[in-house]
Amino acid sequence: MMEFLLTGILLGASAGMAPGPLLALVISETLTSGFKSGVAAALAPLITDAPIVILSLALSAGISGFMPLLGGVSLAGAVFVFYLGLSHLCMPASSMDLTAMDLSSARAETSRIIFFQTKAFQKGLLANALSPHPWLFWFTVGGPLMLRALDTDMLAGARFMAGFYGLLVGSKILIAALVARSRSFLTGRIHGIIMRVLGVFLCGLGALLFRASLRYFDF
């Protein structure tokens, strides 16, 4: 049962620290308006991901009777996780400058609706809703994993969700705290080391998920 908690923690930490529109927004809000604004933006996935999770679970449950199809989705999720691991390992040092990465796209997304510019949380909601990352994750990786956890029992599913969102949001809050205290973290070696360590674990997890997906094909 603990495997689902650990899997959620690993995936949540990777998603939380990976460069993207929401992380760029967390950093920009922290730099311009302070730590509390960065935290407000980081909390957005707790709201915007809810319908995505529900849809992904409905899809996974709907195709659960078609084992090869569910196996194909699980296989795609395993490849996606392995790809994330490789991207972390191959990330050049120059790309660790999170102030530049995706910052313009995050601002462009949030500037489409003037009303959502008024508060950091509302900006975070818009940036995360417009990002393809949560949709891709939940429909290829999170949905099938959550369904497997629920097949074990409700507690396993709760542990997976707690591990994933605890680290997804928590890692962004940690980055906001580090940015508020020291801007050198944005281009420092610490972030690069963390991303590479996560890359190793993600590659291993991708291999395990690949092996697990083969059971749907009676291998």
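Relevant structure appears above.
1. A few points about the packing of aromatic side chains
Then step 1. Taken as a whole and assessed by the stated rule, the structure comprises 8 aromatic pairs.
Then step 2. A centroid spacing of 5.3 Å and a plane angle of 85 degrees characterise the contact between Phe137 and Trp138, whose relative ring orientation is edge-to-face. By the burial criterion, Phe137 is buried, and Trp138 matches it.
Then step 3. Where Phe160 meets Phe164, the ring centres are 6.4 Å apart and the plane angle is 15 degrees; that geometry is what we call stacked. Taken as a pair, Phe160 and Phe164 lie in helix α9 (residues 154–181) at a separation of 4 residues, close to a single helical turn. Summarising the burial analysis for this pair, Phe160 and Phe164 share the class buried.
Then step 4. Taken together, the aromatic side chains of Phe137, Trp138, Phe160, Phe164 and Tyr165 make up a single cluster linked through ring pairs.

2. A closer look at the nonpolar core
Then step 1. Counting 31 residues, the largest nonpolar core has Leu11, Val81, Trp138, Val141, Phe160 and Phe164 as the members making the most contacts within it.
Then step 2. Elements represented by at least two residues in this core include exactly α1 (2–17), α2 (21–33), α4 (45–62), α5 (67–90), α8 (132–152), α9 and α10 (189–213).
Then step 3. Element by element, the count of residues in this core is highest for α9, at 7 residues.
Then step 4. Once residues within four sequence positions are removed from consideration, Phe160 is found in contact with Phe4, Leu5, Thr7, Gly8, Leu11, Trp138, Gly142, Leu145 and Met146.
Then step 5. Counting 6 residues, the second largest nonpolar core, distinct from the first, contains Leu25, Val26, Ala127 and Ala176.

Rules used in this analysis
Residues numbered from 1 in each chain as written. Predicted model: local features only at pLDDT ≥ 70, side-chain atom pairs only at ≥ 80, totals over all residues. Heavy atoms only, no water. Phe/Tyr/Trp six-rings, centres within 6.5 Å; stacked < 30°, edge-to-face > 60°. Buried < 20%, exposed > 50% of the residue type's maximum accessible area, 1.4 Å probe, protein only. Helix = DSSP H or I, 4+ residues; strand = E, 2+ residues; numbered from the N terminus. Core = buried A, V, L, I, M, F, W, Y, C linked by side-chain atoms within 4.5 Å. Contact = heavy atoms within 4.5 Å.

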